[in-house]
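Descriptive analysis of the structure
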Amino acid sequence: ALFYSLAAASLGLFTVSYFTSFMFLEDIGSKRVMDIGAVIAKGVRAYLSMVIPSIFVILFFGAWYVTVTAGTGALTCFCAGALLNLISARTG
């Protein structure tokens, strides 16, 4: 199981690096396309600013459940995963 996890993580990192380099080679488009992208980014920021407080409430109860059922070690993993997902959501 450990080797499968390592292989899956490596494949995921390779895929992300491939598509990131592919994305950086693309043309950014016309001014109209850039303006549409800016409007979409503004809407995503507004949506996340409304949704993240409710996500924190759900995470609090999830963390409580993980602590009660699996202990503090699992809570540490849960919090690390939740934090990384929130950072990923903010950075886009």
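In this report, the structure presented in the accompanying data block is examined. Predicted, not measured: the structure shown is a model, and the values here were computed from it.

Each value, and the rule that gives it
Residues numbered from 1 in each chain as written. Predicted model: local features only at pLDDT ≥ 70, side-chain atom pairs only at ≥ 80, totals over all residues. Heavy atoms only, no water. Helix = DSSP H or I, 4+ residues; strand = E, 2+ residues; numbered from the N terminus. Rg over C-alpha atoms; globule rule 2.2 N^0.38 Å. Buried < 20%, exposed > 50% of the residue type's maximum accessible area, 1.4 Å probe, protein only. Areas by Shrake-Rupley, 256 points an atom, 1.4 Å probe, with all protein chains shown as cover. Axes fitted to C-alpha atoms, helices over the stretch in contact; angles between N-to-C directions. Parallel < 35°, antiparallel > 145°, perpendicular 65-115°, else oblique. Contact = heavy atoms within 4.5 Å. Nonpolar A, V, L, I, M, F, W, Y, C, P; charged D, E, K, R; others polar. Disulfide = S-S within 2.5 Å.

Attention shifts here to the overall build of the protein. Scanning the protein from terminus to terminus reveals three helices and zero strands. Traced from its N-terminal end to its C-terminal end, the protein shows the element sequence α-α-α. Relative to its length of 92 residues, the protein is extended, with a C-alpha radius of gyration of 18 Å against a globular reference of 12 Å. Its C-alpha atoms give the protein principal-axis dimensions of roughly 55 × 35 × 10 Å. Taking all 92 residues of the protein together, the buried fraction comes to 8%. Roughly 7,800 Å² of accessible area belongs to the protein as shown, and the carbon and sulfur atoms make up 76% of that amount.

Turning to the packing of helix H2 (residues 31-70) against helix H3 (residues 72-91), a few remarks are in order. The contact between H2 and H3 brings their axes to 9 Å, and the two run at 170°. By the angle class used here, H2 and H3 are roughly antiparallel. Here H2 contributes Arg45, Leu48, Ile52, Ile55, Phe56, Leu59, Gly62, Ala63, Val66, Thr67 and Ala70 to the contact with H3, which in turn contributes Thr72, Ala74, Leu75, Phe78, Ala82, Leu86, Ala89 and Arg90. Here the residues of the contact of H2 with H3 sort into 14 nonpolar, three polar and two charged.

With that settled, the discussion passes to the state of the cysteines. Across all of its chains, the model carries zero disulfides by this definition. In this structure Cys77 is a free cysteine whose sulfur lies 9.5 Å from that of Cys79, the closest cysteine sulfur available. By relative accessible area, which is 58% here, Cys77 ends up exposed.

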